[in-house]
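A look at the structure
The primary structure of each chain is shown beneath.
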Amino acid sequence: MTDSLPDGCHALIVGASGLTGSALLRLLLDAPHVARVTALVRRRLPIDHAKLEQVELDFAELEQRRELIRADIVYCCLGTTIRKAGSEARFKTVDYFYPLTLAMLAKMNGVPSFAAISSLGANADSPTFYLKTKGQLENALKALAFDQLLLVRPSLLTGERQEFRLAERLSLAAGRLVSPLLLGWLRRYQPIAAEVVAWNLLQATRDVGHGTNIIESEQLAARYASRR
């Protein structure tokens, strides 16, 4: 594998119906270096494109569909909230067990590159269940030793979601009010657009090279601002 994804590559994306995943899917379909995109979805998306193949499946059955997890790179955009999931156990299923199962199958099938969305503050030793789960996933993904592993750690995401999340809307409103005051090291807590995270997921897998690469929220914003 070279330091960047080859031209004509095959990308597989899971979580393409979400805020960041849908933005990433659009970028993948427009990217000249991507020849083919496979999206694993629970329900078919209203998108038709010559590059795109959609495969409908229950993510709980990933292990039984191992043959699907073949590509030059796998992008994991799965994620929920404890409130939406209904319990901590269900949240961990979606944000830890599904992504880890996907990554393990990708590794078994010889996929060289894996990229996933984590969270600002991810830490396996965190007293916060959400951040602890994200940190545990990061550690598990690192242990798989992909040729290239990209982890992005965005702050609160902005963008138009299909579903209404009151708590998130209130957090975003508060975030916009205080964002101008977040200077210096506090800048990392500024809300960030899902499109910015998606752009970084695509671009960074082309330019960060081998090994494990972690990009913090402030770095995601700076990379996007300096793009050419």
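In this report, the structure presented in the accompanying data block is examined. Small disclaimer: the values here were computed from a predicted structure and weren't measured.

Rules behind the numbers
Residues numbered from 1 in each chain as written. Predicted model: local features only at pLDDT ≥ 70, side-chain atom pairs only at ≥ 80, totals over all residues. Heavy atoms only, no water. Helix = DSSP H or I, 4+ residues; strand = E, 2+ residues; numbered from the N terminus. Expected span 1.5 Å × (residues − 1). Bend = angle between axes of the 7 residues up to and from the residue. Buried < 20%, exposed > 50% of the residue type's maximum accessible area, 1.4 Å probe, protein only. Salt bridge = Lys/Arg side-chain N within 4 Å of Asp/Glu carboxyl O. Phe/Tyr/Trp six-rings, centres within 6.5 Å; stacked < 30°, edge-to-face > 60°. Core = buried A, V, L, I, M, F, W, Y, C linked by side-chain atoms within 4.5 Å. Contact = heavy atoms within 4.5 Å. Pairing = 2+ DSSP bridges. Axes fitted to C-alpha atoms, helices over the stretch in contact; angles between N-to-C directions.

**Comments concerning helix α3 (residues 88-108)**
- Compared with the 30 Å implied by 1.5 Å per residue over 21 residues, the 29 Å span of α3 between its first and last C-alpha is a close match.
- Of all the bends in α3, the greatest measures close to 30° and is centred on Val94.
- Residues of α3 that are buried: Phe91, Val94, Asp95, Tyr96, Tyr98, Pro99, Leu100, Thr101, Leu102, Ala103, Leu105 and Ala106.
- Downstream of α3 by one or two residues, Gly110 has phi in the positive range, about 80°.

**Looking at the pattern of salt bridges**
- Evaluated as defined, the whole model comprises eight salt bridges.
- The closest approach of N and O atoms between Arg223 and Asp207, which form a salt bridge, is 3.4 Å. Placement of Arg223 in helix α7 (residues 217-225) and of Asp207 in helix α6 (residues 194-207) is noted, with a sequence separation of 16 residues between them.
- Here Arg223 falls in the partly exposed class, since its relative accessible area comes to 24%.
- Overall, the relative accessible area of 40% leaves Asp207 in the partly exposed class.

**Considerations on the packing of aromatic side chains**
- Applying the stated rule across the entire model yields six aromatic pairs.
- Between Phe59 and Tyr98, the ring centres sit 6.1 Å apart and the planes meet at 65°, which makes this aromatic pair edge-to-face. With a gap of 39 residues between them, Phe59 in the loop between β3 (52-56) and β4 (73-76) and Tyr98 in helix α3 connect regions that are remote in the sequence.
- Ring geometry for Phe91 and Tyr130: centres 5.4 Å apart, planes at 35°, overall tilted. Here the residue Phe91 occupies a position in helix α3, and Tyr130 occupies one in helix α4 (residues 129-143), the gap between them amounting to 39 residues.
- A relative accessible area of 30% places Tyr130 in the partly exposed class.

**Description of the environment of Leu105**
- Along the chain, the position of Leu105 falls in helix α3.
- On the accessibility criterion, Leu105 (6% relative accessible area) is buried.
- For the pair Leu105 and Arg65, spaced 40 residues apart in sequence, the C-alpha to C-alpha distance is 9.3 Å.

**Structural notes on the nonpolar core**
- Membership of the largest hydrophobic core comes to 36 residues, with the highest contact counts inside it found for Ile13, Leu24, Leu28, Tyr75 and Leu201.
- Contributing elements (two or more residues each) for this core: β1 (9-14), α1 (19-30), β2 (34-41), β4, β5 (113-117), β6 (148-153) and α6.
- When residues of this core are assigned to their parent elements, the largest contribution, seven residues, is made by α6.
- Leave out the neighbours within four places in its chain, and Leu24 touches Ile13, Tyr75, Cys77, Ala198, Leu201 and Leu202.
- Val55, Ile69, Leu144 and Leu149 belong to the second largest nonpolar core, which has 31 residues in total.

**Quick look at the sheet that holds β6**
- Sheet architecture is open: seven strands sit in the order β3-β2-β1-β4-β5-β6-β9, paired in parallel fashion. Taken across any chain shown, the strands that pair with only one partner, and hence form the sheet edges, are β3 and β9 (211-216). The sheet shows a mean angle of 15° between the axes of neighbouring strands, direction not considered.
- Here β1 runs beside β2; their pairing, made up of six bridges, is parallel. Residue pairing for β2: Leu12 is matched across the bridge by Thr38.

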